[in-house]
Amino acid sequence: MRHLPRQNLRDTSTIFPIITTIFKQLGSATTLVLLVCVCVTTVQSVEASEVNTSPSMCTYTAGPIDSSKLIVGGEILGPSASATSAILIENDKIRRLGKMEELRATAPHARLLTCANVYISPGFVNAHEHPPYSGGKPGPNVKPVYTNRYQWQGKEGVQHVEIAYSRVESDAQLYWIELRHLFAGTTTLAGNGAVPGLIKNVGSGDQATGFIYQADMKTFPFPDASVDFKDLPWPYDGPSVKPELTDGASTEIAYAPHIAEGTDKISKLEAEFFLEYVANNPGRRYAMIHAVGLSRDSVPRLRELDVTVVWSPRSNLALYGNTIDLPYFINNGARIALSTDWSYSGSYNMLESFRCAKHVDKERWGNRLSAKDLWIMATKHPAYALNLEQKIGTVEAGFAADLVILRAKSDDKYQDVIESGISDVVATIVDGQLVSGHHDAFDMSELPPICVNFVGDHFVCDDLATRDFTWQQLLEVNKEAVPLFKPEGQASCTF
Ligand SMILES: [Zn+2]
């Protein structure tokens, strides 16, 4: 046994002696069983993003690292949840759902990880980030004074104050940004810019650079709109303007550009032209990031054209002071995906997006969004927006084994998920591999040797020999970056 890296690790065997004994007897196997016992007991009052006091504990019985099989058992969030208690994973895919006993019979020599007081969700899919532009906190000029994005970009004259931001250049900085999302349960992240491994990225880069899935995430498809659309009338009845696509990107993959990022005529014209393009170019998946300028009148067309709105409520409010009438959109059949946007005006992670969405719902709409609505907006719907609904976002056979294990604090699983703080994220599993977790929930001596990298209360399972930085350099270079665990300095989420 190697040395424990922390002094305050709990002894799981004193808490779950029977489970630990049974599972350790099964530990020397060629397969891996991850068994999560969901035993909802006490309701803890835990301040989100603050110190955890929940008793979720896991026991991991080590086996061969190259095991091809993994079984995850416990209360699963999703359509099959009531009928199943465990998930059998083979390599990076979910192979089968079933009763724990059945799956253990299928993989009798598996390794085991048992947890108490947790829920298992598909890993969150964040369909809107800009990883290279998500390392800094919002400056003082981030205020809801803009009517379109060209104003804060400095393209509409000096009367509109530009907002400051910078691009991160090193892999160590990008890695930190991905860690911020991973620790909050995101396993797939869309946007240009990535590091290989860790989180799975979606964009138009190649797999070797981290883009496991392909989508055209063209950020600004109407780069000259502030000039070209300025003198056009609204409503508009003239010829349409074609949005730009990413050079070299396939037209078979999803196209998810920023559209209608603002409330004015220019923003509305972007939406008009984009939807016209969608209507004239059927046969691929489309999503519209932001859509702030859309009214209720747009909903039938969104539905008819099967365009998902990728909603970033904090960014909408922080820059434009408004957002779409979300309950109306949902109740009338529009598909919505929740996302963060960049750190300069958006949420720092998906848990903060949940928090912002709930706040807006309470303040403006009278609590009309259910916790389950929001959870679907962070799993299944963003997967659909990216044309990945047959691969990620759901715990079903054939899907990628991307899971987030969260502390259970009540018997309301969806409410618990959306109210989680970072310290409630017990573990993340990406493509069947344990990638990160909270050390208080584990006996670290039981985990694979690569789970040795620590930041705060969290561990990361990564072989740093493949990186161009050491763990110490990672911590050094990101001292001024957006923090991993606290929403310090995050943009406002108020009307
Ligand atoms: Zn954006």
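In the block above lies the structure referred to throughout.
The notes below deal with the structure included here. The structure displayed is predicted, hence computed values, not measured ones.

## Some words on the sheet that holds strand E21 (residues 458-460)
Okay, so step 1: Spatially, E7-E17-E18-E19-E21-E20 is the arrangement adopted by the six strands of the open sheet, whose pairing is antiparallel. The sheet is open, and its two borders are formed by strand E7 (118-122) and strand E20 (453-455), each paired with just one other strand. Direction aside, the axes of adjacent strands within the sheet are offset by 20° on average.
Okay, so step 2: Sheet topology note: the strand E18 (residues 425-430)/strand E19 (residues 433-438) ladder contains four bridges and is antiparallel. Pairing of Val 430 across the sheet is with Gln 433, part of E19.

## Structural notes on unusual backbone geometry
Okay, so step 1: Here the bond from Trp 234 into Pro 235 is cis, since omega is 0°, no more than 30 degrees from zero.
Okay, so step 2: Note that Pro 235 resides in the loop between helix H5 (225-228) and strand E12 (254-255).
Okay, so step 3: Positioned with a positive phi, Ala 291 is a non-glycine residue whose angle comes to about 60°.
Okay, so step 4: Residue placement: Ala 291 occurs in the loop between strand E14 (286-290) and helix H7 (299-305).
Okay, so step 5: Note on Ala 291: 29 C-beta atoms within 10 Å, which makes it buried.
Okay, so step 6: Look at Asn 387: it is not a glycine, yet its phi comes out positive at around 65°.
Okay, so step 7: For Asn 387, the location among the structural elements is in the loop between helix H12 (380-385) and strand E17 (403-407).
Okay, so step 8: When the 21 C-beta atoms within 10 Å are taken as the criterion, Asn 387 is described as buried.

## Digging into helix H6 (residues 265-280)
Quick reminder: α-helices carry 3.6 residues per turn. Residues three or four places apart thus point the same way.
Okay, so step 1: The end-to-end C-alpha distance of H6, which contains 16 residues, comes to 22 Å, matching closely the 22 Å that a straight helix rising 1.5 Å per residue would cover.
Okay, so step 2: Counting buried residues in H6 gives 13 out of 16 residues, a clear majority hidden from the surface.

The rules we used
Residues numbered from 1 in each chain as written. Predicted model: local features only at pLDDT ≥ 70, side-chain atom pairs only at ≥ 80, totals over all residues. Pairing = 2+ DSSP bridges. Helix = DSSP H or I, 4+ residues; strand = E, 2+ residues; numbered from the N terminus. Axes fitted to C-alpha atoms, helices over the stretch in contact; angles between N-to-C directions. Buried ≥ 20, exposed ≤ 12 C-beta atoms within 10 Å, placed from the backbone. Expected span 1.5 Å × (residues − 1).

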